[in-house]
Structures are given as C-alpha cells and as structure tokens.
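Examination of the molecular architecture
Residue strings, one per chain:
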Amino acid sequence: MTMRKAFKYRLYPTQPQRRDLDKTLMLCRQLYNAALQERRDAYKKAGRTVGFYEQKRYLPEIRAELPEYKHIHSQVLQNVIERVDLAFKGFFRRVKAGQKAGYPRFKGKGRYDSFTFPQAGTTGVKLQEGGKRVLLHGIGSVKVKLHRPLEGKIKTATVKREGEHWYIIFITEVDPKPLPPSEEAIGIDLGTNPHFLVTSEGEMVEAPRYFQKAQAKLATAQRSLARKKRGSNRRRQARRRVARLHRKIANQRKDFHHKLARRLVNRYGTIVHEDLNILALSRSYVAKGIHDAGWAQFLAILAYKAEEAGRRVIKVDPKYTSQDCPVCGHREKKPLWVRAYTCPQCGTLLHRDVAAAQNILAKAWTGPSGETLRAFPQGNTPRSPGL
C-alpha cells in the first residue's frame, strides 16, 4: 500500500525567471478572481450555478484571446479553476454543517502565492542535471537544491513564493518503510509552559517558545514597519525583515516538531494523545501559548511519520485526564497552578502532567480485564467502539 509524501526544496531563480514566476502568479490570481466573479454573477443575476467543468471548458478560449496565458501550462490553469471549486465546496459544506461559513473571497495582490502542476510526473516539470536543476514549463531551467533525496513517483509539483524566496513542493507516491516492531506504548500530554510534552514515563520535554524569545526583535521590526511610508522601498524592506523573522520562527518550530516526532516514532510502537479541539483552544485565553507551541502541526507530523513507519497513533477523549488519579481513580478538580499534589484518597504523590499522560495511556486500554496495548503484537490491537 502506497502513501503520499511531500518534499520541499529551495529554488534559486535568476532575475528574469523571478519576473516570469511573479507574472505567472499574477495571471493565475486574475483567473481565480474572474472565475469567482463569474460564479457570483451567475447566481445573483440568473440564480444559476456555474460548475468546475463548465468553467474549465472556457480555458482554450481564454488562451486564444489573451496571449499572455499561452505561456502558462494548461493544467496549471485548470488547477486555478479547481481551487475556486474547492473554495465553494468548502463554503457549502460549512453552511450545511451549521458552521461559520465565510463566502469565498477575491485574492488581493500578494495573497496568491503558489501554482500547481497536477501531473508533474508526466508533463510540465522535469528534473535535470541529476537534480541540480528543474525545468518548469513557461519559466525555464531553474536551479534547485535537493537537500535530501527525492523518493517515490512524482504526482504533483507546486511552486510557492515565501517572502523573497521560492520553493518547489513535490508530492510523491512512496512505499511505507516500516520500522522493526515495538511493543512499547506511551501516553503524551501536550502543554505550552514550561513543558511542551510530558510522557507517561515521566520524561519532560521543555517548550522551546520560539515566538516568545523573538518577541522583542519582532516588536522592534514591526514598529519600524509602521513608521515607513506606504508604497516606499523602505517599507518593502521593513516588511521583508518582519516576514524573515516570522519565517525563521516557523522553521525553528517545524524542525523541533520533526525531531521530537521522529524520536517518539523510532522508540514506541503505540503513541496515545488527547483528541484536542485545537481550533477552539487557539481562540481561548491560552491562544498565544498554543500558537507558539504549534500542537496541530506537531500532531500532523507525528501521524504521518507513524503511518510511514507502521506505528499506531491513537486519540482518546481528553475529559478528566488531569483530574483523575492514575493509581486509584479518585477525581478532583485542581487549579492550573497546582503542578504536584498528593492524592487525598490513596496518598500517592503525583506530578499533574505525568498523571495526565498516564491517564491518557490508560484510556487506550482495550481488553475487558484491563490489558494494555503492550499486551498485543503491533498491528493486532483490538479496537473498542470508543477508540
């Protein structure tokens, strides 16, 4: 069974190639906005819905009437129409679910930063010179740095602008690389300060708090940006400085997440964590710490590394994990500032987060007599309806 995997590499275009890349983004953005406008007008004026295939049929006419679009691969233009279609599908799905919908919006300048070759394995993109360059349709041969080997069969390629840098992201189809079986299981409790993660075995991983550490520099850079005249070269330079700082923070955080997830996946056959509503928590009074910790990104990285390695990642209900005693089950609500306590029923001295991690692991117990996941060979754990 194959799986999809992303490989992101830095591009080093020349100045003419940068202009061509920027122009491609501009034309794709204009097409996106035109397709969105057509759907809005059709519904407002005639009560008619315009679909993906109907809009896609107009693309040859657009390429014939507007010569600038001839230099853009036809599949890249089809992907732009598909993005509009996905935006509307997401809108209608949220409306149907009774959620806050958010009607699809037009993309302003600087708000459209990527274009995709949907069949990069066969057309539009080609690696050259043993991976030192990549040939992009309509752009030319661009220098690329493959800092790690590209694996599997290429399915799609997305060219993306991040600040003043350009990247290419290949989505490939690869075979899983299962690690040797491990019957060890671990429960993890996520936090923000002082620990990012605490395990059921008592290991505590300090929260790096990259954003918090860079706040002073960011504040200085943002104040400098606020003083610059709109449209000036100095404002553009100040904006790049702010973007560079944010990009560095994001890269540091992602590096930390990858290394920690890899360490957990290499050692444990089963990893259990709480099924947290991170979106709701990121809008609460602890939002700043949660955004700095990047829980959602870490759990996504952990899940795909585990899938590739043949490990299990299990989500459990987070209710009462920090209130129950893992020894006797006594439940008592405690204020957040209490980090260590003695259970009033059994007298066990407990660290709040270690106890929570032990409760998280215990919630993944599946046997009627309380056998843990350790008792079952990897890949053969019986699942209860609640898991």
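The present account deals with the structure reproduced in this document. Position numbers for residues start from 1 in each chain and track the written sequence from start to end. Since the coordinates come from a predicted model, pLDDT governs what is reported: local features require at least 70, and pairs of side-chain atoms require 80 or more to be given and counted, while whole-chain, interface and lining totals use all residues. Side-chain measures here rest on the full set of heavy atoms in the structure, leaving out hydrogens and waters.

Notes on a nonpolar patch on the surface
Candidate patch residues must exceed 30% relative accessible area and have no salt bridge, after which like charges are joined if within 9 Å and Val, Leu, Ile, Met, Phe, Trp or Tyr side chains if within 5 Å. Each accessible area is a Shrake-Rupley estimate made with a 1.4 Å probe; only the visible protein chains count as cover when residues are assessed. A carboxyl oxygen of Asp or Glu within 4 Å of a side-chain nitrogen of Lys or Arg is what we treat as a salt bridge. Together, Y285, V286 and L336 give the surface a local cluster of nonpolar side chains, amounting to about 350 Å² of exposed area. Helix and strand labels come from DSSP, where a helix needs a run of H or I of at least four residues and a strand needs a run of E of at least two; each type is numbered from the N terminus. Relative to the helices and strands, Y285 is located in the loop between α7 (278-281) and α8 (287-293).

A few points about the side chain of K334
When you line up the elements, K334 lands in the loop between β12 (312-316) and β13 (340-342). Exposure is judged per residue with a 1.4 Å probe applied to protein chains only, and the accessible area is read against the type maximum: over 50% gives exposed, under 20% gives buried, and values in between give partly exposed. In this count, Lys and Arg are taken as positive residues and Asp and Glu as negative ones, while His and the chain termini are left out. Although K334 lies buried, it forms no salt bridge, and the closest oppositely charged side chain, E332, sits 6.0 Å away as judged by the N-O distance. Within the structure, K334 has its side chain in polar contact with the backbone oxygen of Q323 (distance 3.5 Å). From its side chain, K334 meets the backbone oxygen of E332 in a polar contact 2.8 Å long. Any two residues whose heavy atoms approach within 4.5 Å are treated as being in contact. Setting aside its immediate chain neighbours within four residues, K334 contacts S322, Q323, Y341 and R352. Any pair of nitrogen or oxygen atoms within 3.5 Å is treated as a polar contact; in protein, a donor-acceptor pairing is required on top of that, and neighbouring residues in sequence qualify only through side-chain atoms on both sides.

A look at helix α4 (residues 74-96)
Over its 23 residues, α4 extends 33 Å from the first C-alpha to the last, a length consistent with the 33 Å expected when each residue adds 1.5 Å. On the buried face of α4, the contacting elements are α1 (15-46), α2 (52-57), α3 (59-65) and β2 (114-117). Positive phi shows up at G98, right after α4, with a value of about 75°. Here the expected span of a helix is defined as 1.5 Å times the quantity of residues minus one.

Quick look at the sheet that holds strand β5 (residues 140-145)
Here a strand pair is declared whenever DSSP counts at least two bridges between the two strands. Read across the sheet, seven strands follow the order β2-β6-β7-β1-β5-β4-β3 without closing on themselves; strand pairing throughout is antiparallel. What marks the edges here is a single partner per strand, and that holds for β2 and β3 (125-128). With strand direction ignored, the average angle separating the axes of adjacent strands in the sheet is 30°. Taken together, the four bridges between strand β4 (residues 133-136) and β5 define a ladder with antiparallel strand orientation. Its bridge partner lying in β5, V134 is registered against V142. Interaxial angles span 0 to 180 degrees and are taken between N-to-C directions of axes, which are lines fitted to C-alpha atoms, for helices over the stretch in contact. Of the strands in this sheet, β2, β5, β6 (153-162) and β7 (165-174) touch α1, which is tilted by about 90° from β2.

Don't take any of this as a statement about function, it's just geometry.
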